[in-house]
Amino acid sequence: DAYNVNHDEATWVSKHADDIAASLAILDALDKPDNIDPKVAGCGNQAAAGVLTDAMAYGTLAGVLANDRLRVDASSGICGVYLGVELNATGLLLNSTCGGRTPADDVVDTSYSALAGGLSLFKNGAPLFGDGVKIEPELTASYAAGFPFLAKKN
């Protein structure tokens with residue numbers, strides 16, 4: 001709650017990254033169900049955890065998340081990878097997409113999968129964890145496929 005009401009951007013990381021890091025550690029342990037390959041399941045496989053030392057893994061990602069900005073590369077013109085700019089910057093998923101998110105992206109499912117088990121929890125590009133809520137195609141049909149996602153008025 002304190003993070004959500006803190007309007008001083010300069011203090012987001014210093015005041016809230018430790019709490020976010022503790023939560024990331026909990027989320028990292030969630031990928032132990034029977035339907036996940038045991039070779040990729042468990043603590044330490046969260047996005048960025050494999051490329052950093054254990055002591056830094058949650059703190060680095062917590063600092064990125066505490067900064068609370070969704071990066072968009074408007075020069076790309078090709079979208080489709082939620083958090084693509086951030087993943088490219090960390091070297092976890094090299095791509096040249098615009099990043100950000102489209103109206104059709106299931107942000108919660110993608111975030112749960114990335115925070116529970118990193119990129120290993122995506123099968124054919126689809127996240128394996130989720131909230132159980134499905135995005136209906138007719139709800140996103142009114143959006144244009146490309147940025148700025150504004151369809152022509154009917």
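Residues numbered from 1 in each chain as written. Predicted model: local features only at pLDDT ≥ 70, side-chain atom pairs only at ≥ 80, totals over all residues. Heavy atoms only, no water.

Draft legend 1. Looking closely at the packing of aromatic side chains. Within this structure, the stated rule accounts for one aromatic pair. Each ring, one from Tyr3 and one from Trp12, has its centre 6.3 Å from the other, and the planes form 55°; the classification is tilted. Here Trp12 falls in the buried class, since its relative accessible area comes to 13%. (Phe/Tyr/Trp six-rings, centres within 6.5 Å; stacked < 30°, edge-to-face > 60°. Buried < 20%, exposed > 50% of the residue type's maximum accessible area, 1.4 Å probe, protein only.)

Draft legend 2. Structural detail: helix α5 (residues 107-117). Here α5 lies mainly inside the structure; nine of its eleven residues are buried. Buried within α5 are the following residues: Val107, Asp109, Thr110, Ser111, Ser113, Ala114, Leu115, Ala116 and Gly117. (Helix = DSSP H or I, 4+ residues; strand = E, 2+ residues; numbered from the N terminus.)

Draft legend 3. Broad picture of the pattern of salt bridges. Across all of its chains, the model carries one salt bridge by this definition. Residue Glu9 pairs with Arg69 through a salt bridge whose shortest N-O separation is 2.3 Å. Of this pair, Glu9 sits in the loop between α1 (2-5) and α2 (12-28) while Arg69 sits in the loop between α3 (54-66) and α4 (84-90); the two residues are 60 residues apart in sequence, bridging distant segments of the chain. The class of Glu9 is partly exposed, set by a relative accessible area of 46%. A relative accessible area of 36% means that Arg69 is categorised as partly exposed. (Salt bridge = Lys/Arg side-chain N within 4 Å of Asp/Glu carboxyl O.)

Draft legend 4. Local environment of α2. The sharpest bend along α2 reaches about 35° and sits at Asp18. By the burial criterion, the buried members of α2 are Trp12, His16, Ala17, Ile20, Ala21, Leu24 and Asp28. (Bend = angle between axes of the 7 residues up to and from the residue.)

Draft legend 5. Representation of the environment of Asp105 in the model. Secondary-structure assignment places Asp105 in the loop between α4 and α5. For Asp105, a relative accessible area of 18% corresponds to the buried category. In the structure, Asp105 is positioned 30 residues away from Ile135 in sequence and 8.3 Å away in space, judged by C-alpha atoms. Residues in contact with Asp105, not counting those within four places in the same chain, are Tyr82 and Ile135. (Contact = heavy atoms within 4.5 Å.)

Draft legend 6. Inspection of the nonpolar core at higher detail. Counting eight residues, the largest nonpolar core consists of Ala17, Ile20, Ala21, Leu24, Leu61, Ala62, Ala66 and Leu115. Residue assignment for this core shows that the elements contributing at least two residues are α2 and α3. Those residues in contact with Ala66 that sit more than four places away from it in its chain are Tyr3, Trp12, Val13, Ala17 and Ile20. (Core = buried A, V, L, I, M, F, W, Y, C linked by side-chain atoms within 4.5 Å.)

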